[in-house]
Amino acid sequence: MISLSASSFLNKTGVPGCSTHLSLRQPRTRTRTSPAFFRVVSTLGSNRDPNGSVLIEAASSSLETSASADIVVPKSTVSGGVQDVYGEDAATEDMPITPWSLSVASGYTLLRDPHHNKGLAFSHRERDAHYLRGLLPPTVISQDLQVKKMMHTLRQYQVPLQRYMAMMDLQETNERLFYKLLIDNVEELLPVVYTPTVGEACQKYGSIFLRPQGLFISLKEKGKILEVLRNWPEKNIQVIVVTDGERILGLGDLGCQGMGIPVGKLSLYTALGGVRPSACLPVTIDVGTNNEKLLNDEFYIGLRQRRATGEEYSELMHEFMTAVKQNYGEKVVIQFEDFANHNAFDLLAKYGTTHLVFNDDIQGTASVVLAGLIAALRFVGGSLSNHRFLFLGAGEAGTGIAELIALEISKKTQIPLEEARKNIWLVDSKGLIVSSRKESIQHFKKPWAHDHAPIKDLVDAVKAIKPTVLIGTSGVGQTFTQEVVETMAKLNEKPIILALSNPTSQSECTAEEAYRWSEGRAIFASGSPFAAVEYEGKTFVPGQANNAYIFPGFGLGLIMSGTIRVHDDMLLAASEALAEQLMEEHYEKGMIFPPFRNIRKISARIAARVAAKAYELGLATRLPQPKELEQCAESSMYSPSYRSYR
């Protein structure tokens, strides 16, 4: 979309002041030979038609579309009505036409512009100035009342997916109201716009798809990815969230329908981290899918072919990464989401030294879980080096968490990283990872192959390893059985049990099961939200180890400091900042994560710590360093409050 104010447009060509906003929409085209130029009439004096619109004509020309186009007074169309300028009405059905859509950003068009629409919150003065009389009911209401009305409407829906669809529809019609609603009701709406509901939305994305959000880059765009990026209307991009859809939450390969994840994550970047919506770009890389159900689904929106692998996949990803850097520069944050293990680690290793990349499944999950473990020490005592950890799941999340725990122990105790790893054990689908399996396991599992006899079952591993902390990242529901939890409770006065797999259906156990089977002694947190649990007269509030605690503030810290590379020490700084947000009242309820209602302040604190670490490491480019980084973070956050229009 080309969007400019008539005042700035006309002033560049010598015509004095005009405040009416002008929106010129045209299809992006790479054909350089015959775009259109626009003849615009000043809104001064009699050049305005009776409806108050700026008169616009489009004509074929060999000129480039630009602000330097000639300003020419066209013939009046007042008496003759609307002319068929583009030949659209005269064309037969089999004749091609040019889909021009030219309009003034006032009146009917303004109400359908999600960036500027305010609905019934337009004041009487704004309705007069922007030709909205008659297009809206006569009442004027505040944004707060709009929020109240929307929450009332959302609560009428019994099905979570209906709430999700209503929220996405609001985002496409009134952007500021969407973010105001989400910020003011974050604890209630976070499960709607993100996990667990977003998982169902991705599964059914083809059926509920109405309007495209983000960029879809498929194998068909190979060799043209830079051109595709330039099709996106916003140019000042600061954060990109990208997925290839191969491992969506715990649901597996959803192909192109994984777009719901980047869209949801970037909504949280804005709502929780304060990054401007216009600076966010969701991207799905479509290389096919191995999901037979989707390939046979008539509503599937992606490529109908098996997944590309090997060199073909690598070449497409490399072209994408190169094009992003060329188009948006070195300081754009690229967040990898829900790539399968075999690609996730390789992409992070390959581009970690050349791009500002961050893998939320590996690094974001690790940072938030480490924060929870640091907070849990308040209940169990000692330091991380005094504890023994057992993971069910040895993929991106499991090995990422394990490595960050080991790194934190190494830094705090000054012991070698290899030594710190020895108290951390992992169980995968074939059992306990031990040294005798070293030749047959994937490279990212090898650091965790310790000397021990092979063990197949989780409960036997718990009995043998005697962990104080049990962490589930398997993506398989109900794997923390009653016997497993009871064994943990026999071994520990306060067992730490983290069932982190998403969505709720894939959680290793529920909060109620963890508290009941441990007789109310477990320190519990999960990946998806669970309601408070009553057990023997006491109320337990389960924590949610949600990556949304970390990545919005982490990304904001990278942006505000102009950081060019991510360093592990930044992840440790983010974890420590999050753990410090817990108050005594939270500990009394058994919580190891703070409430989400204060998430913007939490994000600002995390952003300040991350930025400070970037400056300390010499990775920040925005100089000089601000004296008050937290205040700087808060002041730079996007506000969803309505603006007044001239």
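Residues numbered from 1 in each chain as written. Predicted model: local features only at pLDDT ≥ 70, side-chain atom pairs only at ≥ 80, totals over all residues. Heavy atoms only, no water.

- Going by what an unreviewed UniProt entry lists, the protein is known as Malic enzyme and is assigned to Noccaea caerulescens.
- Heading Sequence similarities (unreviewed entry) of the UniProt record for the protein holds this comment: "Belongs to the malic enzymes family." (UniProt positions renumbered as here; feature names shortened; annotations may be inferred.)

Topic: the overall build of the protein
Thinking step 1. When helices and strands are counted, the protein shows 25 helices and 19 strands.
Thinking step 2. The 646 residues of the protein split such that 55% are buried.
Thinking step 3. Within the protein, contacts between residues separated by at least 24 positions form 71% of all contacts whose residues are at least 6 apart in sequence.
Thinking step 4. Here the protein displays about 27,900 Å² of accessible surface, and carbon together with sulfur accounts for 51% of that area. (Helix = DSSP H or I, 4+ residues; strand = E, 2+ residues; numbered from the N terminus. Buried < 20%, exposed > 50% of the residue type's maximum accessible area, 1.4 Å probe, protein only. Contact = heavy atoms within 4.5 Å. Areas by Shrake-Rupley, 256 points an atom, 1.4 Å probe, with all protein chains shown as cover.)

Some thoughts on the sheet that holds strand β13 (residues 431-432)
Thinking step 1. Spatial ordering of the open sheet is given by β13-β12-β11-β14-β15-β16-β19, a layout of 7 strands whose pairing is mixed. Strand pairing shows two members of the sheet lacking a second neighbour, β13 and β19 (543-544), which therefore form its edges.
Thinking step 2. Where strand β12 (residues 424-428) and β13 come together, 2 bridges link them in antiparallel fashion. Following the sheet pairing, Asp-428 is matched in β13 by Gly-431. (Pairing = 2+ DSSP bridges.)

Regarding empty space enclosed by the protein
Thinking step 1. Enumeration over the complete set of coordinates arrives at 1 cavity of 30 Å³ or more.
Thinking step 2. Approximately 30 Å³ is the volume found for the largest cavity.
Thinking step 3. Contributing to the lining of the largest cavity are Lys-325, Gly-329, Glu-330, Val-332, Ile-334, Thr-354, His-355 and Leu-356.
Thinking step 4. When the residues that make up the lining of the largest cavity are grouped by side-chain class, the tally is 3 nonpolar, 3 polar and 2 charged. (1 Å grid on protein atoms, 1.4 Å probe; cavity = no way out; pocket = protein on both sides within 12 Å on 5 of 7 lines; lining within 4 Å. Points joined across faces, edges and corners; volume = space filled by probe spheres on them. Nonpolar A, V, L, I, M, F, W, Y, C, P; charged D, E, K, R; others polar.)

Comments concerning the UniProt feature "binding site: (S)-malate" (unreviewed entry) in the protein
Thinking step 1. Here the UniProt-annotated "binding site: (S)-malate" (unreviewed entry) positions come out as Arg-247, Asn-502 and Asn-546.
Thinking step 2. Inspection of the secondary structure assignment puts Asn-502 in the loop between β15 (496-499) and α20 (511-517).
Thinking step 3. In contact with Asn-502, not counting residues within four places along its chain, are Thr-195, Leu-249, Gly-250, Gly-527 and Ser-528.
Thinking step 4. Separated by 2.6 Å, the side chains of Asn-502 and Ser-528 make a polar contact.
Thinking step 5. Residue Asn-546 is classed as buried on the basis of its relative accessible area of 3%.
Thinking step 6. Among all residues touching Asn-546, those that are not within four sequence positions of it are Leu-190, Thr-195, Val-368 and Phe-596.
Thinking step 7. A polar contact is formed between the side chain of Asn-546 and the backbone nitrogen of Ala-548, at a distance of 2.8 Å. (Polar contact = N/O pair within 3.5 Å; in protein donor to acceptor, adjacent residues only side chain to side chain.)

A word on helix α22 (residues 568-579)
Thinking step 1. Taking 1.5 Å as the rise per residue, α22 with 12 residues should run 16 Å; its terminal C-alpha atoms sit 17 Å apart, in good agreement.
Thinking step 2. By the criterion of burial, α22 is predominantly enclosed, with 10 of the 12 residues buried.
Thinking step 3. Those residues of α22 not exposed but buried are Asp-569, Met-570, Leu-571, Leu-572, Ala-573, Ala-574, Ser-575, Ala-577, Leu-578 and Ala-579.
Thinking step 4. Of the surrounding elements, those touching the buried residues of α22 are β10 (357-359), α15 (360-380), α16 (396-413), α21 (551-561), α23 (584-588) and α24 (599-617). (Expected span 1.5 Å × (residues − 1).)

Examining the sheet that holds strand β8 (residues 280-286)
Thinking step 1. Read from one edge to the other, the open sheet built from 5 strands follows the order β6-β8-β7-β9-β10, with strand pairing classed as parallel. The sheet is open, and its two borders are formed by β6 (215-218) and β10, each paired with just one other strand. Between one strand and the next, the sheet's axes are offset by a mean angle of 25°, whatever the strand orientation.
Thinking step 2. Pairing of β6 with β8, which is carried by 4 bridges, proceeds in the parallel orientation. Counterpart to Ser-218 in the pairing with β8 is Asp-286.
Thinking step 3. Across the face of the sheet, α15 comes into contact with β9 (333-336) and β10 while running at roughly 70° to β10. (Axes fitted to C-alpha atoms, helices over the stretch in contact; angles between N-to-C directions.)

What about the pattern of salt bridges?
Pairs may arise between side chains of opposite charge once their charged atoms sit close together.
Thinking step 1. For the structure on display, the rule yields 32 salt bridges.
Thinking step 2. Ionic pairing is found between Arg-247 and Asp-338, a salt bridge with its closest N-O pair at 3.3 Å. One end of the pair, Arg-247, is in the loop between β7 (239-243) and α11 (260-273); the other, Asp-338, is in the loop between β9 and α14 (341-351), and 91 residues separate them in sequence.
Thinking step 3. For Arg-247, a relative accessible area of 24% puts it in the partly exposed group. (Salt bridge = Lys/Arg side-chain N within 4 Å of Asp/Glu carboxyl O.)

Describing the pairing of strand β14 (residues 469-472)
Thinking step 1. Burial of β14 is two-sided: the residues Val-469 and Ile-471 facing one way and the residues Leu-470 and Gly-472 facing the other way are all buried.
Thinking step 2. Taken together, the 4 bridges between β14 and β15 define a ladder with parallel strand orientation. Paired with Ile-471 across the two strands is Leu-498, which belongs to β15.
Thinking step 3. Note on the crossover from β14 through helix α19 (residues 482-491) to β15: the handedness is right-handed. (Right-handed = clockwise from strand over helix to strand, strands pointing away.)

Digging into the environment of Leu-268
Thinking step 1. Tracing the backbone through its elements, the reader meets Leu-268 in helix α11.
Thinking step 2. Looking at Leu-268, the relative accessible area reads 0%, which means it is buried.
Thinking step 3. Leu-268 sits 85 residues away from Ile-183 along the chain, and the two C-alpha atoms are 9.3 Å apart.

Section: unusual backbone geometry
Thinking step 1. Along the chain, Thr-195 connects to Pro-196 via a cis peptide bond; the corresponding omega equals 10°.
Thinking step 2. Cis peptide bonds are those with omega within 30 degrees of zero, and the linkage from Asn-502 to Pro-503 qualifies with -10°.
Thinking step 3. With respect to the helices, strands and loops of the structure, Pro-503 is situated in the loop between β15 and α20.
Thinking step 4. Backbone geometry at Asp-338 places phi at a positive 55°, although glycine is not the residue there.
Thinking step 5. With relative accessibility at 2%, the residue Asp-338 sits in the buried group.
Thinking step 6. In this structure, Gln-414 is a non-glycine residue whose phi angle is positive, near 65°.
Thinking step 7. Inspection of the secondary structure puts Gln-414 in the loop between α16 and α17 (417-420).

Thoughts on the pairing of strand β16 (residues 523-526)
Thinking step 1. Residues of β16 alternate between two faces, with Ile-523 and Ala-525 on one and Phe-524 and Ser-526 on the opposite face, all of them buried.
Thinking step 2. As judged from the 4 bridges shared by β15 and β16, these two strands associate in the parallel manner. Paired with Ile-497 across the bridge in β16 is Phe-524.
Thinking step 3. The parallel pair β15 and β16 is bridged by α20, and the resulting crossover is right-handed.
Thinking step 4. Across 2 bridges, β16 lies against β19 in parallel orientation. Residue pairing for β19: Ser-526 is matched across the bridge by Gln-544.

Overview of the packing of aromatic side chains
Thinking step 1. The full count for this structure, using the stated rule, is 14 aromatic pairs.
Thinking step 2. Centroid distance Phe-178 to Tyr-179: 4.8 Å. Interplanar angle 80°. Geometry classified as edge-to-face.
Thinking step 3. Taking relative accessible area as the criterion, Phe-178 reaches 0% and is therefore assigned buried.
Thinking step 4. What links up through ring pairs into an aromatic cluster is the set Tyr-515, Phe-524, Phe-530 and Phe-540.
Thinking step 5. Here Lys-118 stacks its cationic end above the ring of Tyr-645, 4.7 Å away from the centre of that ring. (Phe/Tyr/Trp six-rings, centres within 6.5 Å; stacked < 30°, edge-to-face > 60°. Lys NZ or Arg CZ within 6 Å of the ring centre and 35° of its normal.)

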